[in-house]
Amino acid sequence: MAKVLVSDSIDPVGVEILSQVAQVDVKTGLSAEEIIQIIPEYDALMLRSSTRVTKEIVEAGSKLQIIGRAGVGVDNIDVPAATRQGIIVVNSPEGNTIAAAEHALAMMLSLSRHIPDANQSVKANKWERNRFIGTEVYKKNLGVVGLGKIGSHVAAVARSLGMKILAYDPFISKERADQLGCTLVDLELLFAESDFITLHVPKTPETQHLIGRETLPKMKPTVRIINCSRGGIIDELALIEALESGRIAGAALDVFEQEPLGESRLRELSNVILTPHLGASTTEAQVNVAIDVAEQIRDVLLGLPARSAVNIPGLTPDVMEKLRPYLQLAETMGNLVSQLAGGRCDSLNVRLQGELATKDSQPLVIAAIKGLLSQALRERVNYVNAAIEAKERGIRVIETRDASTRDYSGSIHLEANGSMGTHSVTGALLSNGEIRITDLDEFPINVPPSNHMLFTLHQDMPGIIGKIGALLGSFNVNIASMQVGRKIIRGDAVMALSLDDPLPEGLLSEITKVPGIRDAYTVKL
Ligand SMILES: NC(=O)c1ccc[n+]([C@@H]2O[C@H](COP(=O)([O-])OP(=O)(O)OC[C@H]3O[C@@H](n4cnc5c(N)ncnc54)[C@H](O)[C@@H]3O)[C@@H](O)[C@H]2O)c1
Ligand SMILES: O=C(O)CC[C@@H](O)C(=O)O
């Protein structure tokens, strides 16, 4: 039975889902060294934001198939190291959107009305009504940096509070911003005009210290800054100085450069609200992310694709539903053409035809590469590392798309150039989902793939099929199905045989000696 390590506390519903297919060990608070010690026995790792999945942990996880982050940000996981090792990394892109957006809004309102300090004051038996004069958010400018899932929800709610939204997001169109009722501006204007600024961007080299010594002086002295995205997007030292000097009015922080927050002057400032990375901490969000990620881990352990993998192309459920049967087709065709072309391939041409000629069908290219490399790499190659492995082996992958159809609504044509020459195959699906090889080296055929196959290139002439059949029979090899394809009568032809038994040693060379046989290949699928 597969084993899953859950290294941060997650909602029990996640453990329940994982338990359907695996032994689940919940061990929280482990050090990196402790994880390195035990990770070799696990097939999957599930975590939230406390565990840092380092390169060393990834490399020690020799059995790991998947790492699941019950949340959005995967910046606590060394994703490139996981990718290199063929480990799928999944997250829950939407499970905690509302929770994080509501936390940012709560921070904004708490800041504007001094709620935390007023609460403490009353609890300390005081009644200081004059000390806590607030400021309204109504008709104020809210600068939203990052108009993605969380930023958009913050903007929508803030608009209903009567705020004007200035948004900065270089990857969002003006049309989308208009739809959300936001004015798209550049950062300079957002900094200059905002009364509140809320950050909802990922942590990247571009967003690192986006708020810092250079940008803080560009803001209004009355500005209040909220960060519920990631620590490090604000330069904490620069922020502390700006708050201490009264250069800005306040800040509310849920995330920090170092978590848990260590020694920091932030704790001493009265115009600052601090929460311990609580953005996603609602019952609803924790149930959502636990289900979302546990289901993906369960699926991957069952050999099914994940829906929110961050290191393989993301697919919507609709697209996945359509592509799922074709993934096996692409992989089988890749495996087949690599055996026909010989072990060392220099190039693979992938032509996606008919209804598969869309940009959504990119995973089929990956599946074809995975099939191509499966002879050499066996289970070491998967959807995550197939493209990297092909690149590192110098295999040129050329993709083309052709929307025209022949007999099938969608088909996949592969051509590989290897040590045994250039060979091509085309495959399609029947309406019941069965795979058919419909072309071999441009000769039309119609055979299902099977474990053991024999292909010949021969001259179309009387008696040749009988001779091959007799030869196989004399070696006690049973033929399950057989098909001949030709373009012209008595010209070149191909024969494709599905066999119930493997070809015994020496038989292939006997077959190539039959008069009229030009070439013969065995394939194991
Ligand atoms: N505090 C928490 O507990 C908590 C919970 C959930 C998410 N988060 C964090 O919140 C952030 C936003 O999450 P989301 O789900 O909205 O992500 P998202 O991907 O939906 O949105 C991020 C947006 O940032 C924009 N962006 C990227 N680089 C930018 C740049 N240089 N300048 C301006 N905009 C840029 C993107 O175009 C995108 O629209 C992430 O950092 C996530 O990790 C924190
Ligand atoms: O796991 C958490 O509580 C935080 C999650 C949050 O930071 C995220 O990126 O989704």
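Definitions and cut-offs
Residues numbered from 1 in each chain as written. Chains lettered and ligands numbered in written order. Predicted model: local features only at pLDDT ≥ 70, side-chain atom pairs only at ≥ 80, totals over all residues. Heavy atoms only, no water. Helix = DSSP H or I, 4+ residues; strand = E, 2+ residues; numbered from the N terminus. Buried < 20%, exposed > 50% of the residue type's maximum accessible area, 1.4 Å probe, protein only. Contact = heavy atoms within 4.5 Å. Axes fitted to C-alpha atoms, helices over the stretch in contact; angles between N-to-C directions. Parallel < 35°, antiparallel > 145°, perpendicular 65-115°, else oblique. Left-handed = near helix turned anticlockwise from the far one by under 90°. Nonpolar A, V, L, I, M, F, W, Y, C, P; charged D, E, K, R; others polar. Near = heavy atom within 4 Å. Polar contact = N/O pair within 3.5 Å; in protein donor to acceptor, adjacent residues only side chain to side chain. Areas by Shrake-Rupley, 256 points an atom, 1.4 Å probe, with all protein chains shown as cover. Domains from an automatic or database assignment. Buried area = accessible area lost by both parts, 1.4 Å probe. Patch = residues over 30% accessible without salt bridge, like charges linked within 9 Å, V, L, I, M, F, W, Y side chains within 5 Å. Salt bridge = Lys/Arg side-chain N within 4 Å of Asp/Glu carboxyl O. UniProt positions renumbered as here; feature names shortened; annotations may be inferred. Phe/Tyr/Trp six-rings, centres within 6.5 Å; stacked < 30°, edge-to-face > 60°. Lys NZ or Arg CZ within 6 Å of the ring centre and 35° of its normal. Pairing = 2+ DSSP bridges. pLDDT = per-residue confidence, 0-100.

As for its position among the elements, Ser424 is in strand E16 (residues 421–429). Exposure remark for Ser424: the relative accessible area of 4% places this residue in the buried category. When neighbours within four sequence positions are excluded, Ser424 is seen to be in contact with Val337, His413, Leu414, Glu415, Asp439, Leu440, Asp441 and Glu442.

Turning to the packing of helix H1 (residues 12–19) against helix H11 (residues 283–301), a few remarks are in order. It is at 8 Å that the axes of H1 and H11 come closest, and there the two elements cross at 15°. By the criterion of interaxial angle, the relationship of H1 to H11 is roughly parallel. Where H1 crosses over H11, the handedness of that crossing is right-handed. Counted together, Val13, Gly14, Ile17 and Leu18 of H1 and Val287, Ala290, Ile291, Ala294, Glu295, Ile297 and Arg298 of H11 form the full contact between these two elements. Its residues placed into classes, the contact of H1 with H11 shows eight nonpolar, one polar and two charged.

This brings us to the environment of Ala480. Inspection of the secondary structure assignment puts Ala480 in strand E20 (residues 479–486). Each C-alpha atom of the pair Ala480 and Cys345 lies 30 Å from the other, and the pair is 135 residues apart in sequence. If sequence neighbours within four positions are ignored, Ala480 has contacts with Ser498, Leu499 and Asp500.

The next thing to look at is the site of ligand 1. Ligand 1 sits among 26 residues. The nearest are Lys149, Ile150, Asp169, Val201 and Asp254. Within the backbone of Cys228, a nitrogen or oxygen atom sits 3.0 Å from a nitrogen atom of ligand 1. The contact in question runs from an oxygen atom of ligand 1 to an N or O atom on the backbone of Gly279, over 3.4 Å. Burial of ligand 1 by the protein chains amounts to 87% of its free accessible area of 870 Å². Per-class residue counts for the shell around ligand 1 are twelve nonpolar, nine polar and five charged.

So, about the domain arrangement of the protein. According to the domain assignment, the protein consists of domain 1 (1–93 + 282–300), domain 2 (94–272), domain 3 (311–440) and domain 4 (449–524). Using C-alpha coordinates to define each centre, domain 3 is positioned 25 Å away from domain 4. On the domain 3 side of the interface with domain 4, the three residues burying the most area are Gln339, Ile437 and Leu440, jointly 50% of the side's total. For the interface between domain 3 and domain 4, the tally reads two residue pairs in polar contact (both at pLDDT 80 or more). Those elements that provide at least two residues to the side of domain 3 that touches domain 4 are helix H12 (317–341) and strand E17 (435–440).

We now examine a nonpolar patch on the surface. Taken together, the side chains of Ile465, Ile479, Met482 and Val484 present a nonpolar region at the surface, about 260 Å² in accessible area. The element that contributes the greatest number of residues to the nonpolar patch is E20, accounting for three residues. The residue Val484 is located in strand E20 in this model.

Mapped onto the secondary structure, His452 falls in strand E19 (residues 452–459). Those residues within four positions of His452 in sequence are excluded, and the remaining contacts are Leu497, Ser498, Leu499, Asp500, Asp501, Pro502, Val523 and Lys524.

Moving on, we get to the UniProt feature "domain: ACT" (unreviewed entry) in the protein. Mapped onto the present numbering, the UniProt feature "domain: ACT" (unreviewed entry) falls on residues 453–525. Strand forms 42% of residues 453–525 and helix 25%; the C-alpha atoms that close the span are 8 Å apart.

As a further point, take the site of ligand 2. Around ligand 2, the structure places Arg48, Ser49, Arg69, Ala70, Gly71, Val72, Gly73, Asn96, Arg230, His277 and Ala280. Between ligand 2 and Arg230 there is a distance of 2.6 Å, counted from an oxygen atom to a side-chain nitrogen or oxygen. Side-chain polar atom of His277 to an oxygen atom of ligand 2: 2.6 Å apart, as the coordinates give it. Contact with the protein chains hides 93% of the accessible area of ligand 2, taken as 300 Å² for the molecule alone. By residue class, the composition of the shell around ligand 2 is three nonpolar, five polar and three charged.

Within the structure shown, the criterion is met by zero aromatic pairs. For the cation-ring pair, Lys3 lies above Tyr42, with the distance from its terminal atom to the ring centre recorded as 5.0 Å. The cationic tip of Lys487 hangs over the ring face of Phe443; the distance from NZ or CZ to the ring centre is 4.5 Å.

One open sheet accounts for six strands, arranged E14-E13-E15-E16-E17-E18; its pairing is mixed. On the outer flanks of this sheet lie strand E14 (396–402) and strand E18 (443–447), each paired with one strand and no other. The mean angle between the axes of side-by-side strands here comes to 20°, regardless of whether they run parallel or antiparallel. Of the pairings in the sheet, the one linking strand E13 (residues 347–354) to strand E15 (residues 410–418) comprises eight bridges and is antiparallel in character. The residue of E15 that forms the bridge with Asn349 is Glu415. The sheet contacts of helix H13 (residues 362–377) involve E13, E14 and E15, and relative to E13 the element is tilted by about 140°.

Okay, the confidence of the model for the protein next. Per-residue confidence for the protein gives a mean pLDDT of 93; residues scoring 70 or more make up 98%. Both confidence scores are given for the complex: pTM 0.73, ipTM 0.99.

This next bit is on unusual backbone geometry. Omega for the peptide link from Glu259 to Pro260 comes to -5°, which places this bond in the cis form. In this model, Asn125 sits at a positive phi of 65°, which is unusual for a non-glycine residue.

Attention now goes to the pattern of salt bridges. Under the counting rule described, the total for this entry stands at 19 salt bridges. Residue Asp75 pairs with Arg230 through a salt bridge whose shortest N-O separation is 2.8 Å. Here Arg230 lies in the loop between strand E10 (224–227) and helix H10 (236–244) and Asp75 lies in the loop between strand E4 (66–69) and helix H4 (79–84), a separation of 155 residues in the sequence. Salt bridges sharing common partners tie together Asp292, Glu295 and Arg307.

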